[in-house]
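# A closer look at the structure
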Amino acid sequence: SKEADDYFVFLLSDANLRRYGIAPEELGEVLVADSRVNAFAIFIAGGSEADRLVKALPFGRGYVCADTARLPGAFKEIFSSVSVQKTS
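Now for a look at the structure at hand. (Residues numbered from 1 in each chain as written. Predicted model: local features only at pLDDT ≥ 70, side-chain atom pairs only at ≥ 80, totals over all residues. Heavy atoms only, no water.)

### Let's talk about unusual backbone geometry
Trans peptide bonds make up the majority, and among non-glycine residues the majority have a negative phi. Which entries qualify depends on this criterion: Note on conventions: DSSP H or I runs of at least 4 residues are helices, E runs of at least 2 residues are strands, and numbering of each starts at the N terminus.
One non-glycine residue with positive phi stands out, namely alanine 15, at about 70 degrees. Considering the arrangement of structural elements, one finds alanine 15 in the loop between β1 (7-13) and α1 (24-31).

### Comments concerning the environment of isoleucine 44
Threshold: Note on classification: 1.4 Å probe, protein chains only; a residue is buried when its accessible area is under 20% of the maximum for its type, exposed when over 50%, partly exposed between these limits. Contacts are assigned to residue pairs that have any heavy atoms within 4.5 Å of one another.
Summarising the element assignment, isoleucine 44 is placed in the loop between β2 (37-43) and α2 (48-56). Under the relative-accessibility criterion, isoleucine 44 is labelled partly exposed at 29%. Measuring from C-alpha to C-alpha, the distance between isoleucine 44 and serine 83 comes to 24 Å, with 39 residues separating the pair along the chain. Discounting chain neighbours no more than four positions away, the residues touching isoleucine 44 are Ser13, Asp14, Cys65, Thr68 and Leu71.

Pasting the structure below:
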């Protein structure tokens, strides 16, 4: 395998983690398991469950996108935040 400048993983979910037997804390651990990888969860859902999940994840690793038309904006926000972190 070749080295890369950046590694990204995006999990897109309907925010029904309970139904799949996944605890938010468990997902949070996976998102930060490898410091070389920028991993994020984007919940394509609205409502309190999606908000609760984002709050339970490590800061900046979870996003709610209630309207799929705003998905490109969510990706732009994520890429921008990673760029700022790299220059800090």
